[in-house]
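An overview of the molecular structure
Each chain, letter by letter, is given below.
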Amino acid sequence: MKPSHIWKKFRPTGTTIFHAAEAMELGVDAVLVNTALADTPDYGKIAEAFALAMKAGRLAHLAGLGPARDTASASSPLTGFLE
């Protein structure tokens, strides 16, 4: 995804904690959340929530996602542990 497409998807108006995590997972360098912080009654808690979401999104980006599949398949071998 090109940076211009990311910016259009994540406009600063209406930014939520989910959007911040998703943007970081896509690999952006930063997320502008000034309005989200300024418009909340408890900016300390919302700032902490954004910080945690952005850290989680960045870690997910660095870890990489598993391959996309068209059909479901078992991710663990069947070892007979249910018998």
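Note that this is a predicted model, so its numbers are computed, not measured. (Residues numbered from 1 in each chain as written. Predicted model: local features only at pLDDT ≥ 70, side-chain atom pairs only at ≥ 80, totals over all residues. Heavy atoms only, no water.)

This part covers the overall build of the protein chain. Counting secondary structure elements, the protein chain contains 4 helices and 0 strands. Order of helices (α) and strands (β) in the protein chain, N terminus to C terminus: α-α-α-α. Looking at the protein chain as a whole, 16% of its 83 residues qualify as buried. Within the protein chain, residue pairs in contact and separated by at least 24 positions form 47% of the contacts whose partners lie at least 6 positions apart. Surface summary for the protein chain: the accessible area is close to 6700 Å², and the carbon and sulfur share equals 60%. (Helix = DSSP H or I, 4+ residues; strand = E, 2+ residues; numbered from the N terminus. Buried < 20%, exposed > 50% of the residue type's maximum accessible area, 1.4 Å probe, protein only. Contact = heavy atoms within 4.5 Å. Areas by Shrake-Rupley, 256 points an atom, 1.4 Å probe, with all protein chains shown as cover.)

Inspection of the entire model under this criterion finds 1 salt bridge. One salt bridge connects Asp 42 with Lys 45, and the closest N-O pair in it is separated by 3.7 Å. Take Asp 42: its relative accessible area is 34%, and that puts it in the partly exposed class. (Salt bridge = Lys/Arg side-chain N within 4 Å of Asp/Glu carboxyl O.)

Okay, helix H2 (residues 17-26) next. Buried within H2 we find Ala 20, Ala 21, Ala 23 and Met 24. Looking down the long axis of H2, one finds its buried residues gathered within 160° of arc, a one-sided arrangement. The inward-facing, buried residues of H2 abut helix H4 (43-63). Following H2 by one or two positions, Gly 27 adopts a phi angle in the positive range, close to 105°. (Arc of directions from axis to C-beta.)

Listed in full, the 7 residues of the largest apolar core are Ala 20, Ala 23, Met 24, Val 28, Val 33, Phe 50 and Met 54. Of all the secondary-structure elements, those providing two or more residues to this core are H2 and H4. With 3 residues, the top contributor of residues to this core is H2. (Core = buried A, V, L, I, M, F, W, Y, C linked by side-chain atoms within 4.5 Å.)

Of all residues in the protein chain, 71% have pLDDT values of 70 or greater, and the mean over the chain is 77. Across the protein chain, H4 holds the top mean pLDDT of 91, while helix H1 (residues 3-9) sits lowest at 50. (pLDDT = per-residue confidence, 0-100.)

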